Amino acid sequence: MDLSFTADDTAFRAEVKAFLAEKLPETLSDKVRLNKGLSKDDHEFWHAELNKRGWLAPNWPQRFGGAEWGVVQRHIFEEECAMAYAPRVVPFGLAMLAPVLQNFGSEAQQDYWLPRILSGEDWWCQGYSEPGAGSDLAALKTRAVRDGDHYVVTGQKTWTTLGQHANMIFCLVRTDPDAKKQEGISFLLIDMNTPGVEVRPITLIDGGAEVNEVWFTDVRVPVENLVGEENKGWTYAKYLLTHERTNIAGVGFSRAGLDMVKRISSRALSGGRPLIENPHFAARVAQVEIDLMAMSTTNLRIVSKAASGQAPGIESSLLKIKGTQIRQEITDLARRAVGPLAMPFASDAVDGNAPLPDPLDAGAVAASYFNNRKLSIFGGSNEIQREIYAKQMMRDAT
Ligand SMILES: Cc1cc2nc3c(=O)[nH]c(=O)nc-3n(C[C@H](O)[C@H](O)[C@H](O)COP(=O)(O)OP(=O)(O)OC[C@H]3O[C@@H](n4cnc5c(N)ncnc54)[C@H](O)[C@@H]3O)c2cc1C
């Protein structure tokens, strides 16, 4: 297995760095670096810049307007973007819905929806989870009943990320309540401006409101918005989840976070000396750096395997668990490094409005610590990933 980069890979990395240096404004990268909340305009600006360069959809086939990069190029691109503190591209349309439409959508759906995802005309959100259906997603209850050339949708979705900005939501809905639970589900595209759709914000522990409840009361959805076949939605839903779990290790984000911890702890004092010289703190930083190096190598091993055409297996569960543990430890170290300055984590600090004494740029460190508790929950909780991993290991052992 060859883990080294080729000359072409190195040239591509230089090209990405030059693009980021030229196109990513410092005002925007500073917001990402300091964990300030990004506005809808910020997201739309970066979406448009990437689209102009043809780099918005790295994994889409070229015939749909994508870059069709290989896994190594994608890996390099994601790493460089994270290290430059570029905004994360909102994945719901580009990285989740699009592969489903490309594989299971009709030609008319592909022709209509895909260009609108690239242009940013539609902002999509994901309507999977419900109050009683998270890890056990197939227990979902939102109903869609056929009425002529419409479905009538009633029910509730929850944890809908950035639903407040979205005009479209892709939903899993129950179309056959009598079938086995995985078999009565359909995949529906719903215009959020239809009468009967209501978005209610959920305030999170960091003071932000990035997630929402979405309620549906007798919402009429044209039947042409059904993707694939009725009652086959579970197949498309699972396919989408394999795309949700790509880049889950977040190596670039962790490297950027670790740089921040080192920067802060070189300035923060402990007993009159820089905190980074405190043996207990330094040992934790060293341990997480070692873990990150080990995981980065594992990640490259999996990238290399995928580049040679082998599907990534249960290693992606391993990367999800380890990657999120590392990111959570890094946000914990940052919080500890800023000490009492982590206290003003109110939403004002996240929004960049707080006139607080902040010699360590600490305003949003605590908010980031709290916010990142989510990493071990979404994208399939870490407990579920451990179960998947354990079952596979036991199967392999017998
Ligand atoms: C910040 C955030 C953003 C999200 N964004 C979206 C979104 O945009 N769209 C969307 O559809 N969903 C979204 N989700 C929902 C997310 O997918 C679910 O939270 C996740 O699937 C877990 O479901 P749950 O919250 O219902 O917890 P539950 O499934 O009730 O789990 C509760 C706890 O029990 C554990 N558990 C459950 N079952 C088992 C088991 N069989 N074995 C061992 N342990 C188990 C879990 O690991 C967890 O610790 C988001 C969640 C968060 C936190």
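Residues numbered from 1 in each chain as written. Predicted model: local features only at pLDDT ≥ 70, side-chain atom pairs only at ≥ 80, totals over all residues. Heavy atoms only, no water.

Peer 1: Hey, could you run me through the site of the ligand in this one?
Peer 2: The immediate surroundings of the ligand are formed by 17 residues, with Ser-135, Thr-161, Ser-381, Glu-383 and Glu-387 found nearest. Taking Tyr-128, its main chain carries an N or O atom lying 3.0 Å from an oxygen atom of the ligand. For the ligand, an oxygen atom lies 2.6 Å from a polar atom in the side chain of Glu-383. Coverage of the ligand by the protein chains reaches 67% of its 970 Å² of free accessible surface. The element that contributes the greatest number of residues to the shell around the ligand is helix α13 (residues 382–397), accounting for 3 residues. Grouping the amino acids of the shell around the ligand by side-chain chemistry returns 7 nonpolar, 7 polar and 3 charged. (Near = heavy atom within 4 Å. Polar contact = N/O pair within 3.5 Å; in protein donor to acceptor, adjacent residues only side chain to side chain. Areas by Shrake-Rupley, 256 points an atom, 1.4 Å probe, with all protein chains shown as cover. Helix = DSSP H or I, 4+ residues; strand = E, 2+ residues; numbered from the N terminus. Nonpolar A, V, L, I, M, F, W, Y, C, P; charged D, E, K, R; others polar.)

Peer 1: Please clarify how the side chain of Ser-376 should be interpreted in this entry.
Peer 2: For Ser-376, the position within the fold is in the loop between α12 (365–371) and α13. Residue Ser-376 is classed as buried on the basis of its relative accessible area, which comes to 19%. There is a polar contact of 3.0 Å between the side chain of Ser-376 and the side chain of Gln-328. Residues contacting Ser-376, with those up to four places away along its chain left out, are Lys-320, Thr-324, Gln-328, Ser-381 and Asn-382. (Buried < 20%, exposed > 50% of the residue type's maximum accessible area, 1.4 Å probe, protein only. Contact = heavy atoms within 4.5 Å.)

Peer 1: Looking at this structure, how should I read the packing of helix α10 (residues 315–338) against α13?
Peer 2: When two helices pack together, their arrangement is given by the angle between the helix axes and the distance between those axes. At a closest axis distance of 8 Å, the pairing of α10 and α13 adopts a crossing angle of 145°. Judged by the sense of rotation from one axis to the other, the crossing of α10 with α13 is left-handed. The residues of α13 that touch α10, namely those facing Ser-317, Leu-318, Lys-320, Ile-321, Thr-324 and Gln-325, are Asn-382, Gln-385, Arg-386, Ile-388 and Tyr-389. A per-class count over the contact of α10 with α13 returns 4 nonpolar, 5 polar and 2 charged. (Axes fitted to C-alpha atoms, helices over the stretch in contact; angles between N-to-C directions. Left-handed = near helix turned anticlockwise from the far one by under 90°.)

Peer 1: Quick question: what am I supposed to make of the nonpolar core here?
Peer 2: Note that soluble globular proteins tend to have their nonpolar side chains buried in a common cluster. Ranked by internal contacts, the top residues of the largest apolar core, which has 68 residues, are Phe-170, Phe-187 and Leu-189. In this structure, Val-251, Ala-268, Leu-333 and Val-365 belong to the second largest nonpolar core, which totals 25 residues. (Core = buried A, V, L, I, M, F, W, Y, C linked by side-chain atoms within 4.5 Å.)

Peer 1: For this particular structure, what's the right way to read the packing of aromatic side chains?
Peer 2: Remark: the centre distance and the inter-plane angle together describe each pair of aromatic rings, the angle taken between the planes. Scanning the entire structure with this criterion turns up 15 aromatic pairs. When the centroid spacing of 5.1 Å and the interplanar angle of 75° are considered together, the rings of Phe-12 and Trp-69 count as edge-to-face. Here Trp-69 lies in the loop between α3 (40–53) and α4 (71–83) and Phe-12 lies in helix α1 (residues 7–23), a separation of 57 residues in the sequence. Judged by its relative accessible area of 6%, Phe-12 falls in the buried class. Assessed through its relative accessible area of 10%, Trp-69 is described here as buried. Following the ring pairs from residue to residue traces out a cluster consisting of Phe-12, Phe-19, Trp-46, Trp-55, Trp-69 and Phe-77. (Phe/Tyr/Trp six-rings, centres within 6.5 Å; stacked < 30°, edge-to-face > 60°.)

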